[in-house]
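A structural walkthrough
Okay, here's what each chain looks like letter by letter:
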Amino acid sequence: MSTSRLFSGIQPSGIIHLGNYLGAIKQWLELTKKYDSIFCIVDLHALTVRQKSAELRKNTIELAKIYLALGLDPQKSTIFIQSQVSEHTELAWILNTLAKLPELERMTQFKDKSIAHKENINAGLFTYPVLMAADILLYDTAAVPVGEDQKQHVELARTLARRFNEYFGETFVIPESLIQKQGARIMGLDDPLKKMSKSAVSSFNFIALTDDAKTVEKKIARAVTDSGREVVSGSDKPALTNLLTIHSLLKNQTIAQSEKEFVGQGYADFKKALSLEINKFLQPIQKKISATDDKTVLKILFDGQSRAKKLAEKKMKEVKEKVGLI
Ligand code: AQP
């Protein structure tokens with residue numbers, strides 16, 4: 001295995017959806033063959049949007065079960081919970097002193113979430129990208145597989161790494177984001193102009209990986225479509241393009257191949273076939289999730305914690321020395 005490191009994380013801010021899977025996780029499995037991989041459950045990030053504690057706990061364990069059900073092998077990669085390695089927040093503070101206000105103010109996710117959660121525009125939401133930079137830089141990460149929405153945050157991690165290196169001397173690896181060509185941005189089923197999101201107000205925005213077959217059928221039946229009758233993609237057909245993207249990615253084929261399957265058929269036929277495809281993908285995963293018990297998952301997460309902690313401690317020691325902290 002190459003020593004080059006990969007880091008990626010997902011927030012347990014709800015149950016992960018097809019957008020998270022198709023945009024990010026789908027490429028993880030292949031990448032684990034090439035990189036020394038670390039997969040984190042970024043629970044501290046989830047706190048930037050108000051969470052109910054019991055639900056956060058449940059979603060954290062559920063997310064670990066989903067990681068395993070999707071095929072991540074804890075023997076081959078490190079899987080752990082962010083809050084269990086305190087160096088993440090420690091490094092985030094130091095990086096906070098390097099990040100500039102205008103750099104954070106221009107973050108699209110901050111702007112979007114400030115609109116979606118007007119009642120809770122907290123400082124954590126604003127400095128979220130700095131904590132994400134710490135997550136990445138702490139492990140000398142070379143590659144960060146993310147969806148298009150996170151590219152801007154990885155850019156900031158690169159900027160902060162360079163700034164630190166210039167001021168304090170060579171310390172951090174400059175990470176690269178890995179973004180898939182297709183599926184990098186899966187849009188909401190209820191609004192194809194905004195990305196699919198776990199914390200969307202309506203559950204009709206997303207297909208959660210734990211949705212049962214009936215729920216999937218209902219959500220796809222209700223999904224917004226464009227005017228017209230033919231099942232075709234195009235810049236003037238954002239809703240159909242999104243549904244066709246999901247269909248093609250699940251079938252590992254091009255959008256053109258998916259379009260061809262539905263020549264002469266209407267939206268109803270297409271939606272039925274799409275629901276079937278989604279359920280075919282979800283059912284084996286759901287079986288694996290329910291076959292995994294909490295105790296097994298916790299053991300995997302604690303093993304991951306001790307592996308990650310060792311790397312993080314070493315890096316923080318170096319950072320503190322460089323900065324002049326005793
Ligand atoms: N709609 C999307 N299309 C493609 N990729 C996506 N990702 C998220 N949404 C889409 C990618 O999934 C990974 C994990 O995301 P996250 O949980 O860390 O945070 P997020 O990007 O903020 O995802 P959500 O679903 O929108 O969560 P909430 O609503 O809690 O903020 C990332 O790699 C992301 O790019």
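Conventions adopted
Residues numbered from 1 in each chain as written. Predicted model: local features only at pLDDT ≥ 70, side-chain atom pairs only at ≥ 80, totals over all residues. Heavy atoms only, no water. Helix = DSSP H or I, 4+ residues; strand = E, 2+ residues; numbered from the N terminus. Rg over C-alpha atoms; globule rule 2.2 N^0.38 Å. Buried < 20%, exposed > 50% of the residue type's maximum accessible area, 1.4 Å probe, protein only. Contact = heavy atoms within 4.5 Å. Areas by Shrake-Rupley, 256 points an atom, 1.4 Å probe, with all protein chains shown as cover. Lys, Arg positive; Asp, Glu negative; His and termini not counted. Charge placed at Lys NZ, Arg CZ, Asp CG, Glu CD. Near = heavy atom within 4 Å. Polar contact = N/O pair within 3.5 Å; in protein donor to acceptor, adjacent residues only side chain to side chain. Nonpolar A, V, L, I, M, F, W, Y, C, P; charged D, E, K, R; others polar. Pairing = 2+ DSSP bridges. Axes fitted to C-alpha atoms, helices over the stretch in contact; angles between N-to-C directions. Salt bridge = Lys/Arg side-chain N within 4 Å of Asp/Glu carboxyl O. Domains from an automatic or database assignment. Buried area = accessible area lost by both parts, 1.4 Å probe. Core = buried A, V, L, I, M, F, W, Y, C linked by side-chain atoms within 4.5 Å. Arc of directions from axis to C-beta.

**Some points on the overall build of the protein chain**
When its secondary structure is counted, the protein chain shows 13 helices and five strands. Computed over its C-alpha atoms, the radius of gyration of the protein chain comes to 20 Å, within 12% of the 20 Å expected for a compact globule of 326 residues. On the principal axes, the C-alpha backbone points of the protein chain span a range of 70 × 45 × 40 Å. Scored against the burial criterion, the 326 residues of the protein chain give a buried share of 52%. A separation threshold of at least 6 residues defines the contact pool for the protein chain, and within that pool the share at least 24 residues apart is 77%. Of the accessible surface of the protein chain, which amounts to about 15700 Å², a share of 54% is contributed by carbon and sulfur atoms. One finds the centroid of the 47 positive side-chain charges in the protein chain at a distance of 2 Å from the centroid of its 38 negative side-chain charges.

**Focus on the site of the ligand**
In the region of the ligand, 24 residues are neighbours, and K113, D149, S197, K198 and S199 sit closest. Between an oxygen atom of the ligand and a side-chain N or O atom of Q109, the distance comes to 3.1 Å. With respect to the ligand, the side chain of S197 contributes an N or O atom lying 2.6 Å from an oxygen atom. Contact with the protein chains removes 99% of the 640 Å² of surface that the ligand exposes when unbound. Those elements that provide at least two residues to the shell around the ligand are β1 (5-10), α1 (18-32) and α6 (108-116). For the shell around the ligand, the element with the most residues is α1, which contributes four residues. Per-class residue counts for the shell around the ligand are six nonpolar, 13 polar and five charged.

**Observations regarding the sheet that holds strand β4 (residues 141-145)**
As a general point, the strands of a sheet are linked pairwise by backbone hydrogen bonds and lie either parallel or antiparallel. The strand order across the open sheet built from five strands is β3-β2-β1-β4-β5, with neighbouring strands paired in parallel fashion. Strands at the two margins of the open sheet, each flanked by one partner only, are β3 (78-81) and β5 (176-178). Taken pair by pair, the neighbouring strands of this sheet meet at an average axis angle of 25 degrees, ignoring direction. Strands β1, β2 (36-41) and β3 of the sheet are contacted by helix α13 (residues 294-323), whose axis makes an angle of about 95 degrees with β3.

**As for the side chain of D43**
Along the chain, D43 turns up in helix α2 (residues 43-46). For the buried D43, no salt bridge exists, and the shortest N-O distance to an oppositely charged side chain is 9.2 Å, to R57.

**Comments concerning the domain arrangement of the protein chain**
Here the protein chain is partitioned into domain 1 (5-179 + 293-323) and domain 2 (203-289). The interface of domain 1 with domain 2 comprises twelve residues on the first partner and 14 residues on the second. Both sides together, the interface formed by domain 1 and domain 2 hides about 1200 Å², and carbon and sulfur atoms give 78% of it. The largest contributions to the domain 1 side of the interface with domain 2 come from L18, L22 and A69, which together make up 43% of the buried area. One can count zero salt bridges joining domain 1 with domain 2. Of the residues contributing to the side of domain 1 that touches domain 2, the split by class is eight nonpolar, one polar and three charged.

**Considering the nonpolar core**
Most often, soluble globular proteins have nonpolar side chains that are buried together. One finds L18, Y67, L209, I246, I278 and F281 to be the most contacted residues of the largest nonpolar core, which totals 55 residues. The leading source of residues in this core is helix α12 (residues 267-291), at eight residues. Shared between two domains, this core holds at least three residues of each, these being domain 1 (5-179 + 293-323) and domain 2 (203-289). Excluding anything up to four places from it in sequence, L209 contacts I15, I16, H17, L18, Y21, I66, L70, F281, L282 and Q286.

**What to know about helix α4 (residues 87-96)**
Every buried residue belonging to α4 is among E87, H88, L91, A92, I94 and L95, and all of these are buried. Along the axis of α4, the buried positions cluster into a sector of 165 degrees, meaning they face one direction only. For α4, the secondary structure elements touched by its buried residues are β1, β3, α7 (123-137), α8 (151-168) and α13.

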